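Close look at the chain arrangement
Residues per chain, in single letters:
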Amino acid sequence: MGVKATLFELNFISLVDIETHCTTAFKSEIYIGESISQQFIATMSMMDLDAPRIRAPEFPPSQWLNTYSELSLSTLLPNVVLLDFWDYTCINCLRTLPYLRVWHERYQDVGLDIVGVHTQKFSFAHRPEFVKAAIGRLGLRWPVIVDNDQQIWTSYANQHWPTLYFIDPQGY
């Protein structure tokens, strides 16, 4: 698991470890009655992060799916935001979805917002109607921004699918 300030880049293998740790930590006496944002800050404060903090970039204008309006990072904060860089043609991306579904169901009401960033691997996967159909077929319940020009991908210096970034309530 690589760390870029407080933005976490996770690979598929570490998802199970994170889920196990979070479930255990969130049930401890320290966290009873606290929001997920407070829990996230408490967990982050226990970690040794010696790299400088990097503010998460704002979303550029793009097409949004699975939401009634365009979203911005500033409107999602002060919640914890989980960005999921994915592509509906990527098998490893599809393998992370069961974890994301559970996290969405468990933690959405206590301050976790998941945002899918669909960045296509192949040219045919850039069509928004195909992405929209995949969202319905896969049963995703969170908003997805279409990143066809890889603007968001590049602003996060992303290199592979899937990649997940946690953004803390202060936007780091």
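Remember, it's a predicted structure, so these values are computed and weren't measured experimentally. (Residues numbered from 1 in each chain as written. Predicted model: local features only at pLDDT ≥ 70, side-chain atom pairs only at ≥ 80, totals over all residues. Heavy atoms only, no water.)

Here's the deal with the overall build of the protein chain
- Assigned secondary structure in the protein chain consists of six helices and seven strands.
- Counted from the first residue to the last, the protein chain has its helices and strands arranged as β-β-α-α-β-α-β-α-β-α-β-α-β.
- Across the 172 residues of the protein chain, 49% fall into the buried class.
- Long-range pairs, those at least 24 residues apart, make up 81% of the contacts in the protein chain with a sequence separation of at least 6.
- Of the roughly 8900 Å² that the protein chain leaves accessible, carbon and sulfur atoms contribute 56%. (Helix = DSSP H or I, 4+ residues; strand = E, 2+ residues; numbered from the N terminus. Buried < 20%, exposed > 50% of the residue type's maximum accessible area, 1.4 Å probe, protein only. Contact = heavy atoms within 4.5 Å. Areas by Shrake-Rupley, 256 points an atom, 1.4 Å probe, with all protein chains shown as cover.)

Topic: the sheet that holds strand β7 (residues 163-167)
- Strand order in the open sheet formed by five strands is β3-β6-β5-β4-β7, and the pairing between neighbours is mixed. Every other strand in the sheet has two partners, leaving β3 (64-65) and β7 as the edge strands with one partner each.
- Here strand β4 (residues 80-86) runs beside strand β5 (residues 112-118); their pairing, made up of seven bridges, is parallel. Bridging from a neighbouring strand, D84 pairs with G116 of β5. (Pairing = 2+ DSSP bridges.)

With respect to helix α5 (residues 128-138)
- Of all the residues in α5, the buried ones are V131, A134 and I135. Looking down the long axis of α5, one finds its buried residues gathered within 105° of arc, a one-sided arrangement. Away from its buried face, by an angle of more than 90 degrees, α5 presents the exposed residues K132, G136 and R137.
- Directly beyond the C-terminal end of α5, a positive phi value near 70° is found at G139. (Arc of directions from axis to C-beta.)

Topic: the layout of surface pockets
- By volume, the second largest pocket amounts to about 150 Å³.
- Around the second largest pocket, the lining residues are N66, T67, L71, L76, H104, Q108, L112, D113, I114, R141, W142 and P143.
- Here the lining of the second largest pocket takes three residues from β5, the largest share from any one element.
- The residue inventory of the lining of the second largest pocket, partitioned by class, reads six nonpolar, four polar and two charged. (1 Å grid on protein atoms, 1.4 Å probe; cavity = no way out; pocket = protein on both sides within 12 Å on 5 of 7 lines; lining within 4 Å. Points joined across faces, edges and corners; volume = space filled by probe spheres on them. Nonpolar A, V, L, I, M, F, W, Y, C, P; charged D, E, K, R; others polar.)

Digging into the nonpolar core
- Of all hydrophobic cores here, the largest spans 45 residues; its most connected members are F59, L83 and L112.
- It is β4 that contributes the most residues to this core, six residues altogether.
- Not counting chain neighbours up to four residues away, the residues in contact with L83 comprise F59, V115, V117, Y156, T163, L164, Y165 and I167. (Core = buried A, V, L, I, M, F, W, Y, C linked by side-chain atoms within 4.5 Å.)

A few points about unusual backbone geometry
- Cis geometry marks the peptide bond from L77 to P78, where omega comes out at 20°.
- As for its placement among the helices and strands, P78 is situated in the loop between α3 (73-76) and β4.
- A cis amide bond, omega -20°, links W161 with the succeeding residue P162.
- In this fold, P162 is placed in the loop between α6 (151-155) and β7.
- Although it is not a glycine, N66 adopts a positive phi angle of roughly 70°.
- Looking at the element boundaries, N66 is found in the loop between β3 and α3.
- Judged by relative accessible area, N66 falls into the partly exposed class, the value being 40%.
- We note that Q150 has phi near 60°; this positive angle belongs to a residue other than glycine.
- Secondary-structure assignment places Q150 in the loop between β6 (144-146) and α6.

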